[in-house]
Amino acid sequence: MNTKKTVALVLGSGAARGNAHIGVIQAFEDRGYEIVSISGCSIGAIVGGIYAAGKLSEYREWAESLDRMNVIRLLDMSILNGGYVKGDRFFEKIQGIIGEPTIESLPIAYTSVAVDLLNQKEFWFQRGDLISAMRASSAIPSLVLPVTLNGQMYVDGGVLNPLPIIPSVPAGADYIVAVDLNGPAERVVNNVSESDPEGPAWWLSTKGFFGKNKEETDEKAKYSPESWGRLQTINMMFETMQESLTQYKLAGYPPDLLISIPKDISGFYEFWRAKELVEFGYETALKAIDGLESPKSSYFSFPKGY
């Protein structure tokens, strides 16, 4: 008889911070919980889908091997499509890791949340090709090329629901655990502006897409909105919207446990920092699980600002 406590995981959107999801999953497994359901948005849908396919350790090994040049090579921008990132290279790598499973074939319940642009509504992928569901959920508007499936056009689920809690309810798990990657800023020491001054300068070299002036030397200007490129500006707008939507979703459908990852733990593009982000997610989740298991049942981890 299985005596493990069961968990339905809700994995939110947040680009590179999504590597923290890997650590969270590992923490729950190490503490003896059984994950029976995954619902995810954007990077949460990607990491959750890879986990559901049983290939998270392989993905983690690859993610932790990435350096800055690897990341820029994955950005297959298409001039013919308005400068959008196509995402082909990234998902070709994912396909190489997990194959081509369908959602129905996965051993646990899985939901990828995207937005149907033509009908202007949230859409849940709960059957069909897993890779397509991941791509649809992570197509960031104005940055990543929208995904067209069966005559419909899909973009990032974070446009309407960056923390999709409701799809996790039917699993009937002992606990619904939501991982928010847009948590209140805590001025984390490892933030790129404090510990990695070469980071933004490196991105400024990509012809104005990441920043306006690659020759900028004034530190104050370098980290000011005046020096932002298209990517940084769009991301700041998108994250502001997502933070507000997340607060609304949490108020309407509070999970049993909220694990909040500070939004300033890394830049949204810093996929080369996977190892430290995985470790941060792991340690944060362990603290949250301690609260979950304590007699006082402190179910919310770092809920500042909510």
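Keep in mind it's a predicted model, so treat the numbers as computed, not measured. (Residues numbered from 1 in each chain as written. Predicted model: local features only at pLDDT ≥ 70, side-chain atom pairs only at ≥ 80, totals over all residues. Heavy atoms only, no water.)

Chemist: Can you lay out the pattern of salt bridges for me, pointing to particular residues and giving the numbers?
Modeler: A full pass over the atoms with the stated rule returns 7 salt bridges. Across the salt bridge formed by Glu-293 and Arg-31, the nearest N and O atoms sit 2.7 Å from each other. Taken as a pair, Glu-293 in helix H11 (residues 274-293) and Arg-31 in the loop between helix H1 (19-30) and strand S2 (34-41) lie far apart in primary sequence, 262 residues in all. Here Glu-293 falls in the partly exposed class, since its relative accessible area comes to 43%. Among the charged side chains, a salt-bridge network with shared partners connects Arg-31, Asp-290 and Glu-293. (Salt bridge = Lys/Arg side-chain N within 4 Å of Asp/Glu carboxyl O. Helix = DSSP H or I, 4+ residues; strand = E, 2+ residues; numbered from the N terminus. Buried < 20%, exposed > 50% of the residue type's maximum accessible area, 1.4 Å probe, protein only.)

Chemist: Please provide a residue-by-residue account of the pairing of strand S5 (residues 109-116), values included.
Modeler: Burial within S5 is extensive, with 7 of its 8 residues counted as buried. Here S5 folds back onto strand S6 (residues 121-125) in antiparallel fashion, the turn holding 4 residues, of which Gln-120 has a positive phi close to 55 degrees. (Pairing = 2+ DSSP bridges.)

Chemist: Any chance you could break down unusual backbone geometry for me, citing the residues and the numbers?
Modeler: A positive phi angle is found at Ala-15, which is not glycine, with a value near 50 degrees. Along the chain, the position of Ala-15 falls in the loop between strand S1 (6-11) and H1. With phi around 60 degrees, Ser-42 is a residue other than glycine that occupies positive phi space. With relative accessibility at 6%, the residue Ser-42 sits in the buried group.

Chemist: Quick one: what's the story with the packing of aromatic side chains, residue by residue and with numbers?
Modeler: Inspection of every chain in the model, using the stated rule, returns 10 aromatic pairs. Where Trp-62 meets Phe-90, the ring centres are 6.0 Å apart and the plane angle is 45 degrees; that geometry is what we call tilted. Of this pair, Trp-62 sits in helix H3 (residues 56-63) while Phe-90 sits in helix H5 (residues 88-98), placing them 28 residues apart in sequence. An angle of 85 degrees between the planes, with centres 5.0 Å apart, marks the rings of Phe-90 and Phe-91 as edge-to-face. The class for Phe-90 is buried, based on a relative accessible area of 16%. Relative accessible area serves as the criterion here: at 7%, Phe-91 is assigned to the buried category. Taken together, Tyr-59, Trp-62, Phe-90 and Phe-91 form an aromatic cluster joined through their ring pairs. (Phe/Tyr/Trp six-rings, centres within 6.5 Å; stacked < 30°, edge-to-face > 60°.)

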